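A closer look at the structure
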Amino acid sequence: MNQRLAHISIVVEDYDEAIAFYTQKLKFDLLEDTRLTEAKRWVLVKPKGPQGCGLLLAKAASEEQKSRVGNQTGGRVFLFLHTDDFDRDYQNLLEQKIEIVREPSNEPYGKVAVFEDLYGNLWDLIEPTGPIEDQPPL
């Protein structure tokens, strides 16, 4: 069997402000921005690198969806961004004035800090100490 996670949907308030945040501040690549209807677009962004899952930026279309923007996991860390150079990427977060929720620390699984995206979703920035399969379950 061969499976992989292709995309994760993240509910956003506005397509263009979300694209700007992810591409300009986090330096992600914009893979696709296709208009599907007058109100709906298919927008995919992905961190730099040859592998990994992309984010589908989904504009909130109902009051229930709008209530989830910025808190899709009830206050827990939502996404885990692995990097090959923690110091470079952490410095970028600081330069872009991205909110740091937990300062860097060295853990058995790697160097990690927690930051917020433009809506308040929590992310771990992690430079792993070893291959992903060697890391403990969360």
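A quick note: this is a predicted structure, and the numbers were derived from the prediction, not measured. (Residues numbered from 1 in each chain as written. Predicted model: local features only at pLDDT ≥ 70, side-chain atom pairs only at ≥ 80, totals over all residues. Heavy atoms only, no water.)

A short note on the overall build of the chain
Rule in force here: Secondary structure follows DSSP: runs of H or I at least 4 residues long count as helices, runs of E at least 2 residues long count as strands, and numbering of each begins at the N terminus. Restricting the calculation to C-alpha atoms gives the radius of gyration, and the globule rule supplies 2.2 Å times the number of residues raised to the power 0.38. Type-normalised accessible area, obtained with a 1.4 Å probe on protein chains alone, sets the label of each residue: buried when under 20%, exposed when over 50%, and partly exposed for intermediate values. Reported accessibility uses the Shrake-Rupley method at a 1.4 Å probe radius. Residues are deemed covered only where the shown protein chains occlude them.
Broken down by element type, the chain carries three helices and eight strands. For the chain, the succession of helices and strands along the chain, N to C, is β-α-β-β-β-α-β-α-β-β-β. Here the C-alpha atoms of the chain give a radius of gyration of 15 Å, agreeing with the 14 Å that 2.2 N^0.38 yields for 138 residues. Dimensions of the chain, computed from the C-alpha atoms along their principal axes, are close to 45 × 40 × 25 Å. Across the 138 residues in the chain, those meeting the buried criterion constitute 33%. Carbon and sulfur atoms make up 49% of the accessible area of the chain, which amounts to about 8700 Å² in all.

Distances and angles like these do not, on their own, reveal function.
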